[in-house]
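Each chain, letter by letter, is given below.
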Amino acid sequence: MTEFFSLLRFALNISDNFSLTLSENEWNEIFKHSFRQGLVGIMFDGVKKLDKTQSPPFNLVMQWTALSEKVSGMNKSFNLEAKRLTELFASRGIRSVILKGQANAMLYPNKFSRLPGDIDIYLEGGKQYILNVLKEMDLLDESYDETYHHVHLKHNDFGINVDVEVHYRPSSGFYNYFTNNRLQKFLNENLKKLQLSEDGFYYPSMKFALAMQLSHIQKHLFIGGIGLRQIIDYYFLLKNSTEDDRLTIREWLERVGLINFTKALMWVLKKMFMLREEYLLETPNEKLGKTLLNIILNGGNFGLYNAWEYEPNIVKRAFYRQVNKFKLFAFNPGEYFWMQCYYWTNVLKKLPNRIRNKTWIDTDLKQQNEQNNAKN
């Protein structure tokens, strides 16, 4: 993976040069990892800066070019949709803010190279008010269930095929009831000051983004996996933060149980992305950091490439998931405990129906995870 990270740092302007000359097989490996991590557009930014003598094979460049152009087009569509939604809800007197995705992309050297997943838009007013408004406007996609923090919109009538999640809570939060309450309170307090982007949508304060996305990365790590795309997002958040932003988050971490996970993340950012000490939120922990990096590299974007997800035997697949989830205990023991409580409560709740239908294992769990993890 040395060549992969060297090119990634070069693509993101973290390093000034890429001095390696690679074989066709090495280029194919880099492309494979780029695809699995959702970094095809970003990595191609690096390829375009290479000397001709260092370029990948012609056929691979053509394939890479096509995918990169697709990513760029998606970003333009997503920005247009974010602006349209902002104006649409503003016409109803509802303040909105774009979370993660397109807001993060603005911080990149090339804002059109980050692969978007969906649009997450937070609307003020509380769950019931927002649901009533969406139903009144005939925007709610009722084929999706309501979750703790969001619902889905129908695709619009203007030909832009973009998945949109409307949040009535700013974050999916934690399994831990107590730390989740502290998180939601902090996020709501830091949603008061919004900024308008040049693309016509509002984005939140840096304090909000740092807290929300740190908890978001940990949540996805616990429910299925996390990829380098979200790690790079956090790198650029930190690089664009102020000392006051970072001080606030440092003081807040222990209250929500994120110390160990943050130490692991800081090790990855320092080791693989050369993030300077001044930007770190915690002292890096090498042991936890290496574990986190291995999970990221083995599982790919949101853990969709974990080997056990392709185990045909559903009993074995469920077993392998639980065994591998135990690796997460050291990152956040409290969250791991609450996650297991949540999991087994749901297993027992569904048990009578499974016995009745002879479906002993929750066979739709993989599909549910994939739907959740495919989102940004």
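Residues numbered from 1 in each chain as written. Predicted model: local features only at pLDDT ≥ 70, side-chain atom pairs only at ≥ 80, totals over all residues. Heavy atoms only, no water.

Undergrad: It is not clear to me how the pattern of salt bridges should be interpreted in this structure. Could you clarify?
TA: When charged atoms on two side chains of opposite charge get close, those side chains can pair. Evaluated as defined, the whole model comprises 18 salt bridges. The salt bridge partner of Glu81 is Arg84, with a shortest N-O separation of 2.9 Å. Of the two residues, Glu81 and Arg84 both sit in helix 4 (residues 58-90), 3 residues apart, roughly one turn of that helix. Note on Glu81: relative accessible area 3%, which makes it buried. A residue is classified by how much of its surface remains accessible, and Arg84, at 25% relative accessible area, is partly exposed. With a closest N to O distance of 3.1 Å, Glu243 and Arg246 form a salt bridge. (Salt bridge = Lys/Arg side-chain N within 4 Å of Asp/Glu carboxyl O. Helix = DSSP H or I, 4+ residues; strand = E, 2+ residues; numbered from the N terminus. Buried < 20%, exposed > 50% of the residue type's maximum accessible area, 1.4 Å probe, protein only.)

Undergrad: Help me out: how do you make sense of the pairing of strand 1 (residues 96-99) in this one?
TA: Regular strands show a simple pattern: their side chains alternate between the two faces of the sheet. Alternating residues of strand 1 divide into Ser96 and Ile98 and Val97 and Leu99, and every residue in both groups is buried. Relative to strand 2 (residues 119-123), strand 1 runs antiparallel, the two sharing 4 bridges. Directly across from Leu99, in strand 2, lies its bridge partner Asp120. (Pairing = 2+ DSSP bridges.)

Undergrad: It is not clear to me how the sheet that holds strand 2 should be interpreted in this structure. Could you clarify?
TA: In any sheet, the strands associate via hydrogen bonds between backbone groups, in a parallel or an antiparallel arrangement. Spatially, 4 strands are ordered 1-2-4-3 in an open sheet, and the strand pairing comes out mixed. Only two strands of the sheet have a single neighbouring strand rather than two, namely strand 1 and strand 3 (150-152). Along the sheet, successive strands turn relative to each other by an average axial angle of 30°, direction set aside. Across 3 bridges, the pairing between strand 3 and strand 4 (residues 164-167) is antiparallel. Within strand 4, the position partnered with His152 by the bridge is Glu165. (Axes fitted to C-alpha atoms, helices over the stretch in contact; angles between N-to-C directions.)

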